[in-house]
Amino acid sequence: MKFYVTTPIYYPNDIPHLGHAYTTIAADVIARWHKLNGDDVFFLTGTDEHGIKLQEAAEKHGKAPKEFIDELIPKFKEYWKKLNINYDRFIRTTDADHKEVVQHIIKKSFENGDIYKGKYSGLYCKGCERFFLERELINGLCPDHKKKPEYMEEETYFFKLSKYQEKLLKYYEENPDFVSPDFRKHEIINRVKEGLEDVSITRTSFKWGIPFPLDDKHITYVWFDALTNYLTGVGYLKNKEMFEKYWPADVHVMAKDIVWFHAVLWPAMLFSAGIAPPKRVFGHGFWVCEGTKMSKTIGNVVSIEKLIEKGTDAARYFVLREVPFGQDGNYTKESFLNRYNGELANGLGNLAMRIVTLVKKYPIDMLKDRESKLKAITEKTLDNTTKYMNNYEFDKALSEIWLLITACDEYINATAPWKLAKENKQIELENVLYDLAETMRIISHLILPFIPESAEKIIDFMGYEREILKNLKWGKDYSPKKAKDEKMMPLFPKIESAN
Ligand code: MSP
């Protein structure tokens, strides 16, 4: 099966932080999970480079927009590499193939009678790149940016979003998982039921954008340009075979701030252009730091440097274990420290070390499945983890795997294999070692999507063969001779403090 997953394309007006990293890690975990299932996966991320916000950020630095952005892109790529993000394409909306796609979609929509010229006057928030209705403001301020939107009046082209109200409602009804989690779906449905206004999709007040193909005085609205990246990314207009294979997207991952654009405007644009809508839009929550909204002014933005200071896997594990996917999260030093030491250093790290040491210490040629004490709980873990992963319940999947880690530790303590060896209880010893090696084989595969570096180290040290999930069944023979000869270093050395 194919699987196509995307992150939002981020504004490169600054370097990314914990919030952007979170979405990108989650999408990477989804991509790796599907690879583990043997799927043919395409994972797209990138940057949204047009619009007034970018133009102004560049001006502030005394640079041309493209020059300013070109300097930031390597930073994004470097951070994604450090976070072990395995994307297939990094799309930039300034890429040549993208411009062509945007202009094509606009023409198709126009031919379908969905674009008309008019005049817009209203309150515009540059941070959001959108007009606001008075009733949408809180105390006259943009609810997200807490700034007063500016009054703007301009000739503009509109997209007939209002025409798609019924069709959208029908689509939500027929595809109950389209907007996830459920509570976000209800919010969206209610807003669409209240009525949809046509959307202004061009600007004349600045130049940094894709020329509007129907009128060269106009620049394409940044959201109309940005959303279309998901088509460009899989070869729309350029590679028919690729596009037909991967489209529609299986899931667009993002935070709650931009679900409206993805769940309302985007499918309507696609309906208008005669293209199938995506299958799912997942809106996760927002991270704050030590209980306070991250802000440059306060100086409490969790940088990616800070996030990965204790290692890439620790960062990836922490963000997905700490918060149910969909809920808001709070980054605190204390919870990072506790999870790191409790669950990674003393949990997985310690268990992996114990098992690697045990199988190397007792020279047995081949361990075979006989009387297994851990088989039932391992099989249950495998089933439950699969169920949670398919629902994007990452915290539950991890907590399920960690229950098995604890069970293994207790099993080692209770059976004391070193005593069995001393007492020459060979059969019992072999049974225990087999159970442990086999359970660790399954654990190391289940953690691959989350903490790939550590998972691969365990697989490598134990000498397991990599499997796809449907072949990952209890009962394979294991030869301790396959375990690596060198000494394994602790996967997660204990730490005294976190940042
Ligand atoms: N360029 C648009 C997206 C276009 S997609 C066709 C945009 N860019 S953004 O740089 O502002 O990124 C927004 C996204 O960054 C959020 O949807 C989320 O994925 C991530 N996050 C940014 N701050 C965040 C938090 N504090 N917490 C969680 N995620 C956050 O919007």
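Scoring rules and cut-offs
- Residues numbered from 1 in each chain as written.
- Predicted model: local features only at pLDDT ≥ 70, side-chain atom pairs only at ≥ 80, totals over all residues.
- Heavy atoms only, no water.
- Helix = DSSP H or I, 4+ residues; strand = E, 2+ residues; numbered from the N terminus.
- Rg over C-alpha atoms; globule rule 2.2 N^0.38 Å.
- Buried < 20%, exposed > 50% of the residue type's maximum accessible area, 1.4 Å probe, protein only.
- Contact = heavy atoms within 4.5 Å.
- Phe/Tyr/Trp six-rings, centres within 6.5 Å; stacked < 30°, edge-to-face > 60°.
- Lys NZ or Arg CZ within 6 Å of the ring centre and 35° of its normal.
- Core = buried A, V, L, I, M, F, W, Y, C linked by side-chain atoms within 4.5 Å.
- Axes fitted to C-alpha atoms, helices over the stretch in contact; angles between N-to-C directions.
- Parallel < 35°, antiparallel > 145°, perpendicular 65-115°, else oblique.
- Nonpolar A, V, L, I, M, F, W, Y, C, P; charged D, E, K, R; others polar.
- Salt bridge = Lys/Arg side-chain N within 4 Å of Asp/Glu carboxyl O.

What follows deals with the overall build of the protein. Secondary structure assignment for the protein yields 18 helices and 15 strands. The globule rule puts the C-alpha radius of gyration for 499 residues at 23 Å, and the 26 Å found for the protein is close to it. Each of the three principal axes of the protein carries a C-alpha extent, and together these read 90 × 45 × 40 Å. Burial analysis of the protein (499 residues in total) assigns 57% to the buried set. Restricting to contacts in the protein with at least 6 residues of sequence separation, those with at least 24 account for 78%.

The next subject is helix 12 (residues 312–322). Counted residue by residue, helix 12 has 10 buried out of 11 residues, so it is predominantly covered. Every buried residue of helix 12 is accounted for by Thr-312, Asp-313, Ala-314, Ala-315, Arg-316, Tyr-317, Phe-318, Val-319, Leu-320 and Arg-321.

Turning our eyes to something else, we now look at the packing of aromatic side chains. For the coordinates displayed, the defined rule picks out 38 aromatic pairs. Relative to Phe-158, the ring of Tyr-120 lies with its centre 5.8 Å away and its plane at 35°, an arrangement referred to as tilted. Highlighted residues: Tyr-120 in strand 4 (residues 115–125) and Phe-158 in strand 6 (residues 150–159), separated in sequence by 38 residues. Grouping residues by exposure puts Tyr-120 and Phe-158 together as buried. Through a chain of ring-to-ring contacts, the aromatic side chains of Tyr-22, Phe-282, Trp-287, Phe-318, Phe-325, Tyr-331, Phe-336, Tyr-392, Phe-394 and Phe-450 assemble into a single cluster. Sitting over the ring of Phe-90, Lys-77 keeps its end group 5.1 Å from the ring centre. In this structure, Lys-387 is placed above the aromatic ring of Tyr-388, and the distance from its NZ or CZ to the ring centre is 5.0 Å.

This part is about the nonpolar core. With 109 residues, the main nonpolar core has Trp-80, Leu-83, Leu-320, Leu-348, Phe-394 and Trp-402 as its most contacted residues. For Leu-348, the contacting residues outside a window of four places in its chain are Glu-343, Trp-402, Ile-405, Met-440, Ile-443, Ile-447, Ile-451, Ile-458 and Phe-492. In this structure, Phe-158, Tyr-230, Trp-247 and Trp-266 belong to the second largest nonpolar core, which totals 63 residues.

This next bit is on the packing of helix 2 (residues 52–60) against helix 3 (residues 65–82). When two helices pack together, their arrangement is captured by the angle between the axes and the distance separating the axes. Running from N to C, helix 2 and helix 3 point in directions that differ by 85°, and their axes come no closer than 8 Å. Judged by the angle between their axes, helix 2 and helix 3 are roughly perpendicular. Residue-level inspection shows Leu-54, Gln-55, Ala-57 and Ala-58 of helix 2 in contact with helix 3, the latter providing Pro-65, Phe-68 and Ile-69. Among the residues making up the contact of helix 2 with helix 3, the classes are represented as six nonpolar, one polar and no charged.

Let's shift gears to unusual backbone geometry. With an omega of -15°, the peptide bond between Ser-180 and Pro-181 qualifies as cis. Tracing the backbone shows Pro-181 in the loop between strand 7 (179–180) and helix 6 (182–194). In the segment running from Trp-247 into Pro-248, the intervening peptide bond is cis, with an omega of 5°. Residue Asn-84 is not a glycine yet carries a positive backbone phi of 60°. Positive phi values are uncommon outside glycine, yet Lys-146 reaches one of about 55°. On the secondary structure map, Lys-146 appears in the loop between strand 5 (130–132) and strand 6.

Okay, the pattern of salt bridges next. Here the structure, examined in full by the defined rule, presents 44 salt bridges. A salt bridge links Asp-28 to Arg-316, with the nearest nitrogen and oxygen atoms 2.7 Å apart. Of this pair, Asp-28 sits in helix 1 (residues 18–36) while Arg-316 sits in helix 12, placing them 288 residues apart in sequence. In this structure, Glu-71 engages Lys-63 in a salt bridge whose closest nitrogen and oxygen atoms are separated by 2.8 Å. For Glu-71, a relative accessible area of 45% translates into the label partly exposed. Owing to a relative accessible area of 27%, Lys-63 belongs among the partly exposed residues under this scheme. Connected via shared salt-bridge partners are Glu-438, Arg-441, Glu-465, Glu-467 and Lys-476.

No statement about biological role is implied by the geometric values presented.
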